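One letter stands for each residue in the lines below.
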Amino acid sequence: MATRRRFVRTACSAVILSDLVTIGCSAPSVTNIGDDDDAGSPVPTVTPNGNLVTLTLADYPNLMQVDGVAFGYVASLQLTILVARTSETTFIAVDGVCTHRNCYVAFQGASDDFYCNCHGARFAADGTVVSGPTSIPLLSFPTTFDGSAVTVDISSATA
Ligand code: FES
């Protein structure tokens, strides 16, 4: 894990900020990102408050709909969070960078799990590996929802 984190941090050092907050990743493949080692692709930056990252639905309109997805980059941790809405009141959040070779993973709403389009890794909703080539799970983060914003607890990324 330490090797992977080091690599991701290096790869993310050149992140360019952009308005890709509404990346449409609910389909099985990611069309605008997904090449090998694309962890440095543009993802909007989010600023944590302590260990909490809050995404308002007003700012992340993809999250207004079930199966909607948003990415956020925490620069201080060089961490890319993927948040997916799984029901009217529930969300899941994981490290959105595949543990194999650093492509972004895509949320699959039909099965509430994650797929990596680069080499076919599959991860369960809690980030555990369903099928390789990787054997390393995605970090998973608890979420809460107050009706207008999703809050992601990224404590496990700082441990
Ligand atoms: Fe995800 Fe290879 S980078 S399966």
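Residues numbered from 1 in each chain as written. Predicted model: local features only at pLDDT ≥ 70, side-chain atom pairs only at ≥ 80, totals over all residues. Heavy atoms only, no water.

Some points on the state of the cysteines
Now for step 1: Here the structure, examined in full by the defined rule, presents 1 disulfide.
Now for step 2: Each sulfur of the disulfide joining Cys103 and Cys118 lies 1.9 Å from the other. Taking the sign of the S-S torsion, -95 degrees for the link of Cys103 and Cys118, the bridge is left-handed. Residue Cys103 is located in the loop between β4 (91-95) and β5 (105-108), and its partner Cys118 is located in the loop between β6 (113-116) and β7 (122-123); the two are separated by 15 residues in the primary sequence.
Now for step 3: Residue classification places Cys103 among the buried positions, given a relative accessible area of 1%. (Disulfide = S-S within 2.5 Å. Helix = DSSP H or I, 4+ residues; strand = E, 2+ residues; numbered from the N terminus. Buried < 20%, exposed > 50% of the residue type's maximum accessible area, 1.4 Å probe, protein only.)

Topic: the sheet that holds strand β9 (residues 140-141)
Now for step 1: Pairing is antiparallel in the open sheet, where 4 strands are placed in the order β2-β3-β4-β9. Of all the strands in the sheet, just β2 (69-74) and β9 have a single pairing partner and so form its edges. (Pairing = 2+ DSSP bridges.)

A look at the confidence of the model for the protein
Now for step 1: With 73% of its residues at a pLDDT of at least 70, the protein reaches an overall mean of 78.
Now for step 2: Highest mean pLDDT in the protein belongs to β7 (98); lowest belongs to helix α1 (residues 2-11) (36).
Now for step 3: When the criterion is pLDDT under 50, residues 1-37 qualifies, and its contacts beyond four places in sequence or with other chains add up to 89 contacts. (pLDDT = per-residue confidence, 0-100. Contact = heavy atoms within 4.5 Å.)

Focus: the environment of Gly72
Now for step 1: Positionally, Gly72 belongs in strand β2.
Now for step 2: Separated by 19 residues in the primary sequence, Gly72 and Val53 have C-alpha atoms spaced 9.0 Å apart.
Now for step 3: For Gly72, the residues in contact, after removing those within four places along its chain, are Val43, Pro44, Val46, Leu79, Thr80 and Ile81.

Quick look at the sheet that holds strand β8 (residues 129-131)
The pairing of strands in a sheet comes from backbone hydrogen bonds and takes either a parallel or an antiparallel form.
Now for step 1: With antiparallel pairing, 4 strands are arranged side by side in an open sheet as β5-β6-β7-β8. Across the chains shown, the open sheet's two edge strands, defined by having one partner strand only, are β5 and β8.
Now for step 2: Pairing of β7 with β8, which is carried by 2 bridges, proceeds in the antiparallel orientation. Within β8, the residue paired with Arg122 across the bridge is Ser131.

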